[in-house]
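Topology and contacts: notes
For reference, the chains in residue letters:
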Amino acid sequence: MANLLEFRDPIRARALADALARATGDVGREVSLMHVCGSHEQAIAKFGLRSAFPRRLNVIMGPGCPVCITDQPEIDEAVVLAQQGARIATYGDMVRVPGTAGSLADAQARGATIDTVYSIAQAIDLARETTDEVVFFATGFETTAVATAAVILAGVPKNFSILSAHKYIPPVMEIVAEMPDTRVEGFLAAGHAATITGWGIFEPFVARHQLPVVVAGFEPLDILAALLKLVELVRDRAPAVVNMFPRCVTREGNRNAQRQLWQVFRPIGGRWRGIAHIPNGNLRLRDEWAAVDARRRFTIDLASLWRHAPSTLARQCICGNIMAGIASPADCPLFGGACVPDSPVGACMVSSEGTCRIWHQYGGVPNLGDVTCPI
Amino acid sequence: MSHLVADDRIMLKHGAGGRAMRRLIEEAFLHAFETDPEVPAGLVGVAAMDDGGAVRLGDRWLVMTTDSHVIQPPFFPGGDIGRLAIAGTVNDLAMMGAPDILGLTCAVILEEGFPRADLERILASMRVACEEAGATVICGDTKVMGKGELDGIVINTAGMALAPHLVRDGGLRPGDRIIVTGTLGDHGMAVMATRHGLALDLDLRSDVAPINGLIRAVLTAAPDAITAMKDPTRGGAASALHEMASKSGVGVTLDEAALPVRDAVRGVSELVGIDPLLVANEGKALLGVRAAAVGRVLEALRAHPLGVDAALIGVCTEDRPGMVILDTGFGRRLVAEPEGELLPRIC
């Protein structure tokens, strides 16, 4: 705990917040910055940082929730595989995300076998204990894709395969930067992902878009210091990559993990739910791993699902705009009413990394800037 | 489509002490039991949804309460279902301002095959808790159900006590201070760590204890200064404070740095991502206190062995009635009322 508390010093936080207010004031207009990580949003909400941000600083959560941007057809593939008799092992949140015609939880209610696991290692254990075909429905960004790659390289049981819905963050930043409605003037990059990719990976992006990128950790001081740096870069019109998480992140990153990642996966284009087609945004298994690729091992009859039209409520869901940073949960007529964690309409309310779920968990985000505790 | 099938079946969330449970009670139980729209003076009935009911007897109040206890596992670090069953009812009476217990009842339902030795261990523990509370079980009932019809053991206790003045959970006024009688989150975290076999090298123990003696001490030291009381059991301090704030029509602002939380509880809370404010306690109370009496109340609490960690944690405001706001030291956020179960069946 002593370690954590070092990065939770309210006095230093106040000094940073004051500096942030000054730097934002220097810019002289509204500044919008985007982070691309659910863990950043969790920390911002949990520590009440938004109330300490200057009024003209707009910190937007982008497509940083891997569960949320898993596209409906990917959920549908898992549902169909489950209905065809495979045992699907996946993370808890994925079980409840609605596809075109229901979620994995609905498939389970109709008799399919779905196992909730905390890691791919648990899914492997499961495969060893049974003769059933076990399909690990793999989601997550490059951070979790590395774990999937390592397990595949180590060898998996014969009845085990992977349905990859892994995503790769750097390309989506390009798309958001190029969106016509975008107001984003800088990005906060996720520190844990950068421990693997290295901060150098953002240099071509900065050169192309002339937007600054700051790599940030997850404690309150990490986030405030990184936002301050980002606003200073905006103010000084000095687009660059700055690593504000040097206790974990290097320029090169974890070379060994990168080698394993690209040995197993290749990036291909594909839709991110609600956002757009993202070139190179999806990670799929390379040809040499066809034997453990569920998409090549089984025939997945998706057409059987697609006679269903999405529900009226689902059509009102604005998850896509929220993840693209052009709307907030407060703009959604379903938020907190028809759409709550118990009965989510959109994926952003399902996942603990989703913007709507986080805002709901911390009571929405009303303006509490003027509240103080006078005891 | 799940939103369309909501609430035609009872779910675990309906017993978890949060919003779903409150809605079920309001929609089903109050509808059944609250027939007279004009509640007579001299009665605190079910519609008050307080820790107990009360009937005026001359110049005093007879307070009654009842509580059923189900917990997995029945034995946990720091206590067991028997101790919980005595503390739960005694503390509910104390929260109404009635710390002197007239008598308790004890009804036990057992599953066929339940070990006799476990039952006797539970009863011995109830006896110890009764001695600590200065209370006596004066009647009881025993039933046995078939194997699989019940999970081990269910204990219901009810209790009666006399109060010179009632203390309600909705009596907070703007300017009142919020005091908690000790550390938060111990019971729920200990039960969860046991249940999930979190092999942590930490001293996590439930705080389950009858605290009527502690409450008697504070009511004696500052008889007119306590404006509201509630014990933060299921749903934790977050749920209890929401209820107190909304019934009282005040806002509550908490200072996170002032919240007493043991290191072990804080550590597990970081690990599993559950806020200690949402976690159950079984030997603590939240008190609304007139500002001028804060020193006296803290002194009386800290002089008692069960109140040494008592702390001033927040203040009531006229603004934002019904809201509970946490000042984290970095900024402010709302403390949301928990919706459903974080941890099913913990008390």
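Since we're looking at a predicted model, the values are computed, not measured.

A closer look at the overall build of chain B
- When its secondary structure is counted, chain B shows 8 helices and 15 strands.
- Its C-alpha atoms give chain B a radius of gyration of 19 Å, near enough to 20 Å, the size a compact globule of 347 residues would have.
- Principal axes of the C-alpha set define a box for chain B whose edges measure 55 × 55 × 50 Å.
- By residue count, 54% of the 347 residues in chain B fall in the buried class.
- Within chain B, contacts between residues separated by at least 24 positions form 84% of all contacts whose residues are at least 6 apart in sequence.
- In the structure as shown, chain B presents an accessible area of about 14,800 Å², 55% of it carried by carbon and sulfur atoms.
- Computed over 32 positive and 46 negative side-chain charges, the inter-centroid distance for chain B is 2 Å.

A short note on the sheet that holds strand E3 (residues 60-69) of chain B
Residue and element names in this part refer to chain B.
- Strand order in the open sheet formed by 6 strands is E1-E2-E3-E8-E6-E7, and the pairing between neighbours is mixed. Each end of this open sheet is capped by a strand with a single partner; those strands are strand E1 (43-44) and strand E7 (137-145).
- Examined bridge by bridge, strand E6 (residues 101-111) and strand E8 (residues 153-163) share 9 bridges and lie antiparallel to one another. Following the sheet pairing, Cys106 is matched in E8 by Thr157.
- Helix H3 (residues 116-133) rests against E6, E7 and E8 of the sheet, and its axis sits at about 15° to E8.

Remarks on a nonpolar patch on the surface
- On the surface, Phe29, Phe33 and Val46 of chain B cluster together to form a nonpolar patch covering roughly 300 Å² of accessible area.
- If you trace the backbone, Phe33 of chain B turns up in helix H1 (residues 19-33).

Let's talk about the domain arrangement of chain A
Residues and elements named next belong to chain A.
- Parsing chain A into structural domains produces domain 1 (1-317) and domain 2 (318-360).
- If you average the C-alpha positions of domain 1 and of domain 2, the two centres end up 17 Å apart.
- Between domain 1 and domain 2 the total buried area reaches about 2,300 Å² when both faces are included, carbon and sulfur atoms providing 63% of it.
- Looking only at domain 1, the three residues that lose the most surface to domain 2 are Cys68, Arg96 and Cys317, adding up to 25% of its buried area.
- Across the domain 1-domain 2 interface, the total number found is 0 salt bridges.
- Linking domain 1 with domain 2 are 4 residue pairs in polar contact (both at pLDDT 80 or more).
- When residues of the side of domain 1 that touches domain 2 are traced back to their parent elements, those giving at least two are helix H3 (38-46), strand E2 (57-61), helix H4 (66-69), helix H6 (92-96) and helix H16 (312-316).
- Tallying contributions element by element places H3 first for the side of domain 1 that touches domain 2, with 5 residues.
- For the side of domain 1 that touches domain 2, the per-class residue count stands at 18 nonpolar, 7 polar and 7 charged.

Considerations on the nonpolar core
Residue and element names in this part refer to chain A.
- Formed by 73 residues in total, the largest nonpolar core has its most connected members in Leu104, Phe137 and Phe187.
- Each of two domains, domain 1 (1-317) and domain 2 (318-360), supplies a minimum of three residues to this core.
- With residues near it in sequence (within four places) discarded, Leu104 still touches Ala78, Val79, Ala82, Ile88, Thr90, Met94, Val95, Ile114 and Phe137.

Calculation criteria
Residues numbered from 1 in each chain as written. Chains lettered and ligands numbered in written order. Predicted model: local features only at pLDDT ≥ 70, side-chain atom pairs only at ≥ 80, totals over all residues. Heavy atoms only, no water. Helix = DSSP H or I, 4+ residues; strand = E, 2+ residues; numbered from the N terminus. Rg over C-alpha atoms; globule rule 2.2 N^0.38 Å. Buried < 20%, exposed > 50% of the residue type's maximum accessible area, 1.4 Å probe, protein only. Contact = heavy atoms within 4.5 Å. Areas by Shrake-Rupley, 256 points an atom, 1.4 Å probe, with all protein chains shown as cover. Lys, Arg positive; Asp, Glu negative; His and termini not counted. Charge placed at Lys NZ, Arg CZ, Asp CG, Glu CD. Pairing = 2+ DSSP bridges. Axes fitted to C-alpha atoms, helices over the stretch in contact; angles between N-to-C directions. Patch = residues over 30% accessible without salt bridge, like charges linked within 9 Å, V, L, I, M, F, W, Y side chains within 5 Å. Salt bridge = Lys/Arg side-chain N within 4 Å of Asp/Glu carboxyl O. Domains from an automatic or database assignment. Buried area = accessible area lost by both parts, 1.4 Å probe. Polar contact = N/O pair within 3.5 Å; in protein donor to acceptor, adjacent residues only side chain to side chain. Nonpolar A, V, L, I, M, F, W, Y, C, P; charged D, E, K, R; others polar. Core = buried A, V, L, I, M, F, W, Y, C linked by side-chain atoms within 4.5 Å.

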